[in-house]
There are 2 protein chains.
Amino acid sequence: MLRLTRRSEYGIIAIAHLAQRPGEAASARDIAERYGIPKRLLAEVMKQLSHRGFVRSSRGASGGYQLAVDPTRTSVRVVLAALEGPFEMVQCATDGARALEDGEAGRAVAPAASSHFAQNTLCELLGSCPIRGPVQRIHDRMRLVLEEFTIRDLISGGDGAVPMTAGLSTAFAPPAVAAAVRKS
Amino acid sequence: MLRLTRRSEYGIIAIAHLAQRPGEAASARDIAERYGIPKRLLAEVMKQLSHRGFVRSSRGASGGYQLAVDPTRTSVRVVLAALEGPFEMVQCATDGARALEDGEAGRAVAPAASSHFAQNTLCELLGSCPIRGPVQRIHDRMRLVLEEFTIRDLISGGDGAVPMTAGLSTAFAPPAVAAAVRKS
DNA sequence: CAATATCGCATGCTTTCAGTGCTCATTCAA
DNA sequence: TTGAATGAGCACTGAAAGCATGCGATATTG
Ligand code: SF4
Ligand code: SF4
């Protein structure tokens, strides 16, 4: 259980690929052929990552994608959140204010209604659920794991065990969003 | 992303319910009505938990279910594994010998072909995947979280933070399986 | 017997996921 | 200017997973 989607893996692979080659631009075809990913689908994923501000795209011949965030300050969690929606093992995990900061890559820029994933219907059992609290604790622990690992940890053979533990709820991808938002 | 299924939550709720009332037997209807769970579906879940040896069922009037494992020694992970299959964020997580001990609740009794979840097709990108190692580390950390929490932690308001850390790959549900297996 | 359970299997519905097709817009180089 | 390469946008299909229900059989209690 708790399997990631294919899209997520493709996205992570692509981001890892770009992180290994700072400055260079890699096209969707390059990456797709290199790793055996369906080209067409990868393009879809890259588009999404571009919208969220994790990569910068340049069109035309010899175009491609470049990483647009700091690999050491961008957690795996936010990348996945951009591809699959906020991490929530259970429905009630999103109830507090927590899910608000997940959607986009930047800070609280978006009017909170932009993301196309947000089904926002709250659990029916909420009133009578006996496991809410404990499950919440498990959820937070799991979330913390995704938070601790950064893009850098995806390309290095190092531990990646206890990095960026400080500021446990920070770690997001700041730049390159405002520009994209202005347009829409 | 990484949402649990409804079945899992129902199962956990039921187990928590039973753990709070040792000795007493609760019927599927009792539990279903108490928490607002679809009765028919809960019955299906309980059947599954019964087969895996986590609960003991007694039929007939005034029958019901009883917990059949030690709440302090049964991790949340094995319960979920019994309901949704082994925990694997990615396909390649199951390749080693690891998934073998997940299927059932007891020790290595079953011929490893009993579980009705085991699609056992290995990832096509495995040869070229650049994130395999790092993802594996994340996977293990997540798995450890599910391992640390026990059934007992589901009913107590306590931390449940660092219990049963020792013996990190043990923690399974031993008894009440052999009998059920003999039949089939 | 009658009431109350679980058990076992089958079925229908809905949502998600993976993957593809096609067209348009943009860039660069010949 | 032309054309090849590349990303962007939108829609669409097929398959699988998940949720839920129905019905009949069987076991147990009183
Ligand atoms: S309230 Fe209970 S049942 Fe509903 S989502 Fe939260 S944990 Fe699951
Ligand atoms: S090999 Fe790479 S792509 Fe395949 S399952 Fe493992 S991590 Fe995902």
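Residues numbered from 1 in each chain as written. Chains lettered and ligands numbered in written order. Predicted model: local features only at pLDDT ≥ 70, side-chain atom pairs only at ≥ 80, totals over all residues. Heavy atoms only, no water.

1. Here's the deal with the overall build of chain A
Summing up its helical and strand segments, chain A has seven helices and two strands in all. When the helices and strands of chain A are read in sequence order from the N terminus, they spell out α-α-α-β-β-α-α-α-α. Each of the 184 residues in chain A was classed as buried or not, and the buried ones make up 49%. Here the analysis covers contacts within chain A between residues at least 6 apart in sequence; of these, 71% occur between residues at least 24 apart. Summed over all atoms, the accessible surface of chain A reaches about 8,900 Å², with 54% contributed by carbon and sulfur. (Helix = DSSP H or I, 4+ residues; strand = E, 2+ residues; numbered from the N terminus. Buried < 20%, exposed > 50% of the residue type's maximum accessible area, 1.4 Å probe, protein only. Contact = heavy atoms within 4.5 Å. Areas by Shrake-Rupley, 256 points an atom, 1.4 Å probe, with all protein chains shown as cover.)

2. Some thoughts on the protein's contact with DNA strand D
Around DNA strand D sit 25 residues, and of these Ala-28, Arg-40 and Ser-57 of chain A together with Arg-6 and Arg-40 of chain B come closest. Within 4 Å of the protein, atoms of DNA strand D come from sugar and phosphate in 62% of cases. Arg-29 of chain A places a side-chain nitrogen or oxygen 3.2 Å from a phosphate oxygen of DNA strand D. Here Gly-60 of chain A contributes a backbone N or O atom positioned 3.2 Å from a sugar or linking oxygen of DNA strand D. Secondary structure elements with two or more residues in the surface near DNA strand D: α2 (28-35), α3 (39-51), β1 (55-58) and β2 (64-67) of chain A together with α1 (6-20) and α3 (39-51) of chain B. (Near = heavy atom within 4 Å. Polar contact = N/O pair within 3.5 Å; in protein donor to acceptor, adjacent residues only side chain to side chain.)

3. With respect to the pattern of salt bridges
With the rule as written, the count across this model stands at 16 salt bridges over all chains. When the shortest N-O distance is used, the salt bridge between Arg-77 of chain A and Glu-147 of chain A registers 2.2 Å. Of the two residues, Arg-77 of chain A sits in helix α4 (residues 76-84) while Glu-147 of chain A sits in helix α5 (residues 132-148), which places them 70 residues apart along the sequence. For Glu-147 of chain A, a relative accessible area of 3% corresponds to the buried category. Note that Asp-70 of chain B is salt-bridged to Arg-73 of chain B, the shortest N-O span being 3.5 Å. Looking at Asp-70 of chain B, the relative accessible area reads 32%, which means it is partly exposed. Connected through shared salt-bridge partners, Arg-40, Glu-44 and Lys-47 of chain A make up one network. (Salt bridge = Lys/Arg side-chain N within 4 Å of Asp/Glu carboxyl O.)

4. A look at the domain arrangement of chain A
Residue and element names in this part refer to chain A. Here the domain parsing of chain A yields domain 1 (6-69) and domain 2 (73-157). The interface of domain 1 with domain 2 comprises 15 residues on the first partner and 17 residues on the second. Together, the buried faces of domain 1 and domain 2 total about 1,400 Å²; carbon and sulfur atoms form 72% of this surface. Joining domain 1 to domain 2, the criterion identifies zero salt bridges. For the interface between domain 1 and domain 2, the tally reads three residue pairs in polar contact (both at pLDDT 80 or more). (Domains from an automatic or database assignment. Buried area = accessible area lost by both parts, 1.4 Å probe.)

5. Let's talk about the pairing of β2 of chain A
Along a regular strand, successive side chains alternate from one face of the sheet to the other. All names here are of chain A. Relative to β2, β1 is paired through four bridges, and the arrangement is antiparallel. By the bridge assignment, Arg-56 is partnered in β2 with Gln-66. Hairpin connection from β1 to β2: five residues lie between these consecutive antiparallel strands, with Gly-60 at a positive phi of about 80 degrees. (Pairing = 2+ DSSP bridges.)

6. A short note on the protein's contact with DNA strand C
Around DNA strand C there are 22 residues in total, and Arg-6 and Arg-40 of chain A together with Ala-28, Arg-40 and Ser-57 of chain B lie nearest to it. Near the protein, meaning within 4 Å, the atoms of DNA strand C are sugar or phosphate in a fraction of 65%, with bases accounting for the rest. Here His-51 of chain B contributes a side-chain N or O atom positioned 3.1 Å from a phosphate oxygen of DNA strand C. Contact distances for DNA strand C include 3.1 Å between a sugar or linking oxygen and a backbone N or O atom of Gly-60 of chain B. Residue assignment for the surface near DNA strand C shows that the elements contributing at least two residues are α1 (6-20) and α3 of chain A together with α2 (28-35) and α3 of chain B. The greatest single-element share of the surface near DNA strand C, amounting to four residues, is contributed by α3 of chain B. Looking at the surface near DNA strand C, its residues break down into seven nonpolar, six polar and nine charged. (Nonpolar A, V, L, I, M, F, W, Y, C, P; charged D, E, K, R; others polar.)

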